[in-house]
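# Inside the fold
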Amino acid sequence: MAKAAPPKGTKVVTKTKPAAAAKTAAKKPAAAKSSPKAKTSAAGDALPSAGSKAPAFSLPADDGSTVSLKSLAGKKAVLYFYPKDDTPGCTTEGIAFSALKKKFDAANTVVLGISKDSIEKHCKFRDKHNLTVRLLSDEEGKMLEAYGVWAEKSLYGRKFMGINRTTFLIDEKGVIRQVWPKVKVNGHAEEVLSAAKDL
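Since the structure is predicted, the reported quantities are computational estimates derived from the model, not experimental observations.

Rules and cut-offs
Residues numbered from 1 in each chain as written. Predicted model: local features only at pLDDT ≥ 70, side-chain atom pairs only at ≥ 80, totals over all residues. Heavy atoms only, no water. Salt bridge = Lys/Arg side-chain N within 4 Å of Asp/Glu carboxyl O. Buried < 20%, exposed > 50% of the residue type's maximum accessible area, 1.4 Å probe, protein only. Helix = DSSP H or I, 4+ residues; strand = E, 2+ residues; numbered from the N terminus. Contact = heavy atoms within 4.5 Å. Pairing = 2+ DSSP bridges. Expected span 1.5 Å × (residues − 1). Arc of directions from axis to C-beta.

## Quick notes on the pattern of salt bridges
- For the structure shown, the criterion picks out 9 salt bridges.
- When the shortest N-O distance is used, the salt bridge between D171 and R177 registers 3.4 Å.
- The buried category is assigned to D171, whose relative accessible area is 10%.

Okay, structure coming up:
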C-alpha cells in the first residue's frame, strides 16, 4: 500500500501542473487584450519628445502650396496644432502668431497652423481675421496622430476625439527642440518666439 501511494501522488501533481499552466495561459491572453486598449487611451499623450526627430509630413496649405518637413530644411519651424477654425481660442492664437510673423521671419522661423479643417474653411478663416501664417489641412488626421495630438477629450461629460492644442518647435535639421502640450493661448506666441530666437 505504501508503494502505491507515490504514483497516486505523482498523478495528482501531474494534474495540478496543467491546471496551473491553463490558468497562466488564460491570464496571458487577457493581458494581451488589455495592451491595445492601454495604447489607444494613451495615444493622445504619446507626444514626440524634445530631442527626437520630427515625424515626416506633407500637407496642403491655404496658399495653394504643399508643405513637407523636407521643404522646411534649413529653417526653424513652429507647428501649432489647434482644434477648429474660427473658434474663440483658435482665432486668438492665429491672430497672435500672425502679429509676430515678421519677427519669426527675422528669426529664420516658419510658423504653421494645423487642424483637420478643409482648405476651403482655412481660407475663410484666414480672410475673416487677416491671418498671415500658413494653415495646413490634415483632414485624414495622419499628421495629427504622428504628433500625438489626436486624443479623447471630454466636454460637459461628453467624450469625443479631437485635437489637443499643442505646439512644437523644430530646428533647422528637423529635430524637435521644444514641446508645449495643452497650450494656454494668452502669451503663448510670444513665448514660442523667444524660444525660437534662442535656438
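## Quick word on the side chain of S68
- With respect to the secondary-structure elements, S68 resides in strand β2 (residues 66–68).
- Owing to a relative accessible area of 17%, S68 belongs among the buried residues under this scheme.
- The contacts of S68, once residues within four sequence positions are left out, are F57 and S58.

## Observations regarding the pairing of strand β8 (residues 166–170)
- Burial runs high along β8: 5 of the 5 residues are buried.
- Here β8 shows two buried faces, one formed by T166, F168 and I170 and the other by T167 and L169.
- Sheet topology note: the strand β3 (residues 76–81)/β8 ladder contains 5 bridges and is antiparallel. Its bridge partner being in β8, L79 is matched across the sheet by F168.
- One ladder, built from 4 bridges, connects β8 with strand β9 (residues 176–180); its direction is antiparallel. Across the sheet, the residue bridging to F168 is V179, located in β9.

## Quick notes on helix α2 (residues 88–99)
- Given a rise of 1.5 Å per residue, 12 residues ought to cover 16 Å, and the 17 Å separating the end C-alpha atoms of α2 matches this to within 8%.
- Each element contacted by the buried residues of α2 is listed here: β3, α3 (101–106), β4 (109–115), α4 (119–129), β8 and α6 (188–198).

## Structural notes on α4
- Of the positions making up α4, those classed as buried are H122, C123 and F125. Looking straight down α4, one finds that the buried residues subtend no more than 165° of arc, so they occupy a single side. Among the exposed residues of α4, those oriented more than 90 degrees off its buried face are E120, K124 and K128.
- Buried-residue contacts for α4 involve α2, β4 and β5 (134–137).
- Trailing α4 by a residue or two, N130 shows a phi angle of about 55°, which is positive.

None of the figures reported here should be taken as evidence of function without further support.
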